[in-house]
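Notes for the structure review
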Amino acid sequence: MGKRPPGFVVTLQNERNTRMRDEAEWSELFHKGDLVISGCGFYAERDMVKGITYVNTSLGKPVNDTKPKVKFHANEPNYALLTIHSGKDDMTVELKTLDGKVLDRTEIAKRKN
């Protein structure tokens, strides 16, 4: 990715964030954006590593899945809702159950890299 495009840069991938964010090549690419969303496993998760927010979303059947220390974790089928605020340099990321209950909410500022 050359010059940063206007707006937010969101990376979508289908691998476990805990694995990908620790690999140097991927980590370097992820850090050119604002948010990384994965769809792996059977849980909702949010974490921040080196200034980048990572979320995981899954529609699968929940299992008792214990995770290392992260900012948020729930064994619930869920989806991510991104709300971009017009004219502002932030967005809201919500992890929600399939019936719309908010499991987790965070604000993400657009990176200036």
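Values in this document were obtained by computation on a predicted structure and should not be read as measured data.

1. Things to note about the packing of aromatic side chains
For the structure on display, the rule yields 2 aromatic pairs. Consider the rings of F30 and Y54, whose centres lie 5.8 Å apart with planes at 75 degrees: the pair is edge-to-face. Note that F30 is positioned in helix α2 (residues 24–30) and Y54 in strand β4 (residues 52–56), a separation of 24 residues in sequence. For the pair shown, F30 and Y54 are each scored as buried. Aromatic rings pair up to connect W26, F30 and Y54 into one cluster.

2. Let's talk about the sheet that holds strand β8 (residues 102–109)
Within a sheet, neighbouring strands are paired by backbone hydrogen bonds and run either parallel or antiparallel to one another. Strand order across the open sheet formed by 3 strands is β6-β7-β8, with antiparallel pairing between neighbours. The sheet is open, and its two edges are formed by β6 (78–84) and β8, each paired on a single side. Within the sheet, the average angular offset between the axes of one strand and its neighbour, ignoring direction, is 20 degrees. Sheet topology places strand β7 (residues 90–97) next to β8; 7 bridges connect them, and they run antiparallel. Residue pairing in the sheet places V93 in a bridge with T106 of β8.

3. Quick word on the nonpolar core
Residues F8, L35, I37, A44, V55, F72, A74, M91, V93, L95, L103 and I108 constitute the largest nonpolar core, which totals 12 residues. Looking at this core, the elements with two or more residues in it are β2 (35–38), β5 (72–74), β7 and β8. Looking at this core element by element, the count peaks at 3 residues for β7. Here L103 is in contact with A44, F72, E76, N78, L95, K96 and T97, once residues within four sequence places are set aside. Residues M20, F30, I52 and Y54 belong to the second largest nonpolar core, which totals 6 residues.

4. Here's the deal with the sheet that holds strand β1 (residues 10–13)
If you trace the 5 strands from one edge of the open sheet to the other, you get β1-β2-β4-β3-β5, paired in mixed fashion. Whereas interior strands pair on both sides, the edge strands pair on one side only; in this sheet they are β1 and β5. Direction aside, neighbouring strands of the sheet carry axes that sit 15 degrees apart on average. Looking at chain direction, strand β3 (residues 44–49) and β5 are connected through 3 bridges and run antiparallel.

Rules behind the numbers
- Residues numbered from 1 in each chain as written.
- Predicted model: local features only at pLDDT ≥ 70, side-chain atom pairs only at ≥ 80, totals over all residues.
- Heavy atoms only, no water.
- Phe/Tyr/Trp six-rings, centres within 6.5 Å; stacked < 30°, edge-to-face > 60°.
- Helix = DSSP H or I, 4+ residues; strand = E, 2+ residues; numbered from the N terminus.
- Buried < 20%, exposed > 50% of the residue type's maximum accessible area, 1.4 Å probe, protein only.
- Pairing = 2+ DSSP bridges.
- Axes fitted to C-alpha atoms, helices over the stretch in contact; angles between N-to-C directions.
- Core = buried A, V, L, I, M, F, W, Y, C linked by side-chain atoms within 4.5 Å.
- Contact = heavy atoms within 4.5 Å.

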